[in-house]
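Listed below are the residues making up each chain.
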Amino acid sequence: MKNIVLAGVISIFAVTACKKSEDKVAEKTLEQQKMEFQVRQLEIEKQKLAIERERFEYETQKRADSIAAAQQAKTAAASKPQVVRETKTVYRDAPRSSSGGTSSGSSASQGTTAQKQGISEAAKGTAIGVVSGAALGAIVNKKNRGGGAVVGGIIGGATGYTLGRAQDRKSGRVQPK
């Protein structure tokens, strides 16, 4: 009888010890799963950043190609003789008439300039800066991704606007002060 009771007690201890070790193994695998998930998330963010970088490089190359094509067109146009069929006179900063008479045509002709078309470099720089700054801010700030995206977007937008505005000044779109 003692042997039976002793065997029962030993089997209960063995079963209890096995259950505790299985729980520890399950906890470790849960922690490992969390780590693997975080690693996957980090890889996805790296891929997003790489895609954004490639898109920015593509836009830069596209802009350089369009400039080169425009220069080639200018060179080709300069080599061919051109016939001027029509002329357009644009009055800019014309002095005002100081006489007491009527100046019917002078006010209409002042300030007439060619209208600028397309999106300015400042606007393009701001858009690119906001997007890339928000992505980078969300990646860097792991505790509060939304706050990081907002701060990164603001900083990136300001930087992009500044750089784009400088390009607009160089191209003559914006007159320097």
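Reading the values: the criteria
Residues numbered from 1 in each chain as written. Predicted model: local features only at pLDDT ≥ 70, side-chain atom pairs only at ≥ 80, totals over all residues. Heavy atoms only, no water. Helix = DSSP H or I, 4+ residues; strand = E, 2+ residues; numbered from the N terminus. Buried < 20%, exposed > 50% of the residue type's maximum accessible area, 1.4 Å probe, protein only. Areas by Shrake-Rupley, 256 points an atom, 1.4 Å probe, with all protein chains shown as cover. pLDDT = per-residue confidence, 0-100. Contact = heavy atoms within 4.5 Å. Polar contact = N/O pair within 3.5 Å; in protein donor to acceptor, adjacent residues only side chain to side chain. Salt bridge = Lys/Arg side-chain N within 4 Å of Asp/Glu carboxyl O. Patch = residues over 30% accessible without salt bridge, like charges linked within 9 Å, V, L, I, M, F, W, Y side chains within 5 Å. Axes fitted to C-alpha atoms, helices over the stretch in contact; angles between N-to-C directions. Parallel < 35°, antiparallel > 145°, perpendicular 65-115°, else oblique. Left-handed = near helix turned anticlockwise from the far one by under 90°. Nonpolar A, V, L, I, M, F, W, Y, C, P; charged D, E, K, R; others polar. 1 Å grid on protein atoms, 1.4 Å probe; cavity = no way out; pocket = protein on both sides within 12 Å on 5 of 7 lines; lining within 4 Å. Points joined across faces, edges and corners; volume = space filled by probe spheres on them.

Undergrad: Give a description of the overall build of the protein chain that names residues and reports values.
TA: Helices and strands together make up the secondary structure of the protein chain, namely four helices and zero strands. Along the protein chain, helices and strands appear, N-terminal first, in the series α-α-α-α. By residue count, 12% of the 177 residues in the protein chain fall in the buried class. A total of about 15,000 Å² of accessible surface is found on the protein chain, and carbon and sulfur atoms cover 60% of it.

Undergrad: I'd like to hear about the confidence of the model for the protein chain, residue by residue, with values.
TA: The predicted structure's coordinates, where accompanied by low pLDDT, should not be read in detail. Mean pLDDT for the protein chain: 81, with 77% of residues reaching 70 or above. Counting contacts from residues 98-114, a segment whose pLDDT is below 50, to residues more than four positions away or on other chains yields 10 contacts.

Undergrad: Hey, could you go over the side chain of S120 for me, with residue numbers and the actual values?
TA: Counting through the fold element by element, S120 comes out in the loop between α2 (106-109) and α3 (121-140). We classify S120 as buried; its relative accessible area is 17%. In terms of polar contacts, S120 uses its side chain to reach the backbone amide nitrogen of A123, at 3.2 Å. Apart from residues no more than four positions distant in its own chain, S120 is found in contact with D168 and R173.

Undergrad: Could you give an account of the pattern of salt bridges, naming the residues involved and the relevant values?
TA: According to the stated counting rule, one finds five salt bridges in the structure shown. The closest approach of N and O atoms between E45 and K48, which form a salt bridge, is 3.8 Å. Placement of the pair is E45 and K48 together in helix α1 (residues 2-79), with a separation of three residues, close to one helical turn. With relative accessibility at 48%, the residue K48 sits in the partly exposed group. Measuring nitrogen to oxygen at the nearest pair gives 2.5 Å for the salt bridge that ties E52 to R55. Here R55 and E52 lie together in helix α1, a separation of three residues that amounts to about one turn. Exposure remark for E52: the relative accessible area of 18% places this residue in the buried category. Via salt bridges that share partners, R63, E121 and K124 belong to a single interconnected network.

Undergrad: For a nonpolar patch on the surface, give the residues involved together with the corresponding values.
TA: A contiguous nonpolar surface patch, about 580 Å² in accessible area, is contributed by M1, I4, V5, V9 and F13. Considering the arrangement of structural elements, one finds F13 in helix α1. With relative accessibility at 59%, the residue F13 sits in the exposed group.

Undergrad: Pulling in residues and values, what's your account of the packing of α3 against helix α4 (residues 145-171)?
TA: Packed helices, taken two at a time, are described by the angle their axes make and the gap between the axes. Put simply, α3 and α4 touch, their axes get as near as 6 Å, and they point 155° apart. The orientation of α3 with respect to α4, classified from their angle, is roughly antiparallel. Considering the relative orientation of α3 and α4, their crossing is right-handed. Residues belonging to the contact of α3 with α4 are distributed by class as follows: seven nonpolar, 13 polar and four charged.

Undergrad: Could you give me a rundown of the layout of surface pockets, with the residues and numbers involved?
TA: Taken as a whole, the largest pocket spans an internal volume of roughly 480 Å³. Taken together, 21 residues form the lining of the largest pocket, with F56, G125, I128, G129 and S132 sitting closest to its centre. Secondary structure elements with two or more residues in the lining of the largest pocket: α1, α3 and α4. Considering each element in turn, the lining of the largest pocket owes the most residues, eight residues, to α3. For the lining of the largest pocket, the class distribution of residues is five nonpolar, nine polar and seven charged.

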